[in-house]
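The chain contents come next:
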Amino acid sequence: MKKMKKIIALMLTIFMMASLAACGGNEATDEATDGGDKKVVNIGAAIYQYDDNFMTLYRTEMENYVKSLNESSTDVEYKLTLVDGKNDMATQTEQINSFITQGMDAIILNPVQTSSAKVLVDKCVEANIPVVIINREPDGSVITSSDKVCYVGADAKQSGTYQGEIIRDLPNKGDADGDGVVRYIMIQGDPENSDAQFRTEYSIKALTDAGIEVEELMNQIGNWATDQGQQIAANGLAQFGDKVDVIFCNNDGMAVGASAAIKQAGRTVGKDIYLVGVDAIDQAMDLLNKGELTGTVRNNHIDQSHTAVDVAIKAVNGEAIEDYYWIDYEKVTSSDSATEEETEAEETTEAAA
Ligand code: GAL
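In this text the structure is predicted, and so the values were computed from the model without any measurement.

Participant: Lay out helix H3 (residues 89–101) in plain terms, naming residues and giving numbers.
Facilitator: With 13 residues, H3 extends 18 Å between its outermost C-alpha atoms, agreeing within 8% with the 18 Å of an ideal straight helix rising 1.5 Å per residue. Every buried residue of H3 is listed here: Met89, Gln92, Gln95, Ile96 and Phe99. Summarising the axial view, the buried residues of H3 lie within an arc of 120°, below the 170-degree limit, and thus occupy one face. Away from its buried face by more than 90 degrees, H3 exposes Glu94 and Thr101. Those residues of H3 that are buried are in contact with strand S1 (39–47), strand S2 (76–84), strand S3 (106–109) and helix H4 (117–126). The first or second residue beyond H3 is Gly103, which carries a positive phi of 70°.

Set out below in structure tokens:
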């Protein structure tokens, strides 16, 4: 019996020791998750509006990227705090004030209003916090106002030019009804945004530079939103009918809406009308693959978000940063529809022979 008690006591001791060891391990893990001995770098990112297709991709990728940096870093823990400006300048101002009070090491700013970006940037610079402005390019004077401020984005003129070139390079140069004039509807993003302004201007410039005669039937603001894009396209198609050769949308979100309106109006993209967007979001790529979108322009959210975070970290580390970091756009046209056109052309040639 005594022997049995001894064995039980021994087993209890072993069990308790094992439990203690396990607890100690957990504490170490918890510490690492909280930053532990790692140096913590706090980055605040103020997004103009969460409810925006492209900026949703962008901010999600920023989170993924910071996560991957933390996984591979042994001495630094990056903490990214994202906030939604809800497209309201007063809300964003509060958020920047709060980032400053919290003592963020760097701020990534996607301004609600580019014209008011200076006020926010000045506050951060005064507090000695570097600012990386993204996606909505403010006046150059804001960027050059301090060596702690920079812009990471893509050249809006390039995206507009690419949209125009996609139409220009069609066999009929976008003149769907063959009457010698490319008549179009322009659906714009938000009015004070340089992406919207330059895409509107440069898409058409690419056509006129190629000597193509154009006529603007309608130009309306769709605020980057699918429902507004659909409504404007539906109104335009109802008003101008077969006259409409091309619908230009400043982004894919609105092009997805316009595509629904085109179908409802009984029109067919690639046959009697053309449609272009910008961003290359998944829904647009699906339409493109089905031949329901003539083309889009990839707005590289991966490179833009990674660069924004990298530059913020550089600035926190006291390294010199450039004024501008540009990420190229890329033309995306449906290889499927090109194949169809080629096949049709081949069939016509064969029939004629
Ligand atoms: C553009 C993008 C739009 C919208 C806008 C917001 O670059 O193409 O879809 O996200 O930014 O500023």
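Having seen it, we continue.
Participant: How would you summarise the side chain of Thr296 if you had to cite specific residues and measurements?
Facilitator: One can find Thr296 in strand S10 (residues 295–298). Within the structure, the side chain of Thr296 is placed 3.4 Å from the backbone oxygen of Gly277, a separation counted as a polar contact. Only 3.5 Å separates the side chain of Thr296 from the backbone nitrogen of Val278, close enough to count as a polar contact.

Participant: Describe the site of the ligand, naming the residues involved and giving the relevant values.
Facilitator: If you check the shell around the ligand, you find Tyr48, Asp52, Phe54, Asn135, Arg136, Asn193, Asp195, Arg199, Trp224, Asn251, Asp279 and Asn299 and nothing else. Side-chain polar atom of Asp195 to an oxygen atom of the ligand: 2.7 Å apart, as the coordinates give it. At a separation of 3.0 Å, an oxygen atom of the ligand approaches a polar side-chain atom of Asn251. Considered on its own, the ligand offers 310 Å² of accessible surface; in the complex 99% of this is hidden by protein. Two domains share the shell around the ligand, each providing at least three of its residues, namely domain 1 (39–154 + 301–328) and domain 2 (157–298).

Participant: Got a sec to walk through the environment of Glu319? Specific residues and values, please.
Facilitator: Mapped onto the elements of the fold, Glu319 is located in the loop between helix H11 (301–316) and strand S11 (324–326). Of the residues examined, Glu319 reaches a relative accessible area of 42% and is grouped as partly exposed. Linking Glu319 and Lys148, residues 171 residues apart in sequence, is a C-alpha distance of 9.9 Å.

Participant: Go over the pairing of strand S4 (residues 131–134), please, and point to the residues and values.
Facilitator: Covered by surrounding structure in S4 are Val131 and Ile133 together with Val132 and Ile134, the residues of both alternating faces. Where S3 lies against S4, three bridges are found, and the strand directions are parallel. Residue pairing for S4: Ile108 is matched across the bridge by Val132. Regarding the hand of the β-α-β motif, the stretch spanning S3, H4 and S4 is right-handed. Pairing geometry for S4 and strand S5 (residues 149–153), over four bridges, is parallel.

The rules behind these values
Chains are numbered independently. Their residues run from 1 in the order of the written sequence. Totals for whole chains, interfaces and linings use all residues, but because this is a predicted model, local features are given only for residues with pLDDT of at least 70 and pairs of side-chain atoms are given and counted only at 80 or more. To get the side-chain values, take all heavy atoms of the structure and skip hydrogens and water. By the criteria applied, helices consist of DSSP H or I runs no shorter than four residues and strands consist of E runs no shorter than two, each listed in order from the N terminus. Given the number of residues in a helix, its expected span is that number minus one, multiplied by 1.5 Å. The rule is simple: take the accessible area with a 1.4 Å probe, protein chains only, and divide by the maximum for that residue type; under 20% is buried, over 50% is exposed, in between is partly exposed. Here the arc refers to the set of directions running from the helix axis out to each C-beta atom. Residue contacts are counted whenever heavy atoms from the two residues lie within 4.5 Å of one another. Any pair of nitrogen or oxygen atoms within 3.5 Å is treated as a polar contact; in protein, a donor-acceptor pairing is required on top of that, and neighbouring residues in sequence qualify only through side-chain atoms on both sides. One heavy atom within 4 Å of a molecule or strand is enough for the residue carrying it to be called near that molecule or strand. Accessible surface area values rest on a Shrake-Rupley calculation with a 1.4 Å probe, where residue burial reflects the displayed protein chains alone. Where a domain begins and ends is set by an automatic assignment or by a domain database. Any two strands are treated as partners once DSSP identifies two or more bridges connecting them. Whether a crossover is right-handed comes down to one check: with the strands pointing away from the viewer, does the path from the first strand over the helix to the second run clockwise; if it does, it is right-handed.

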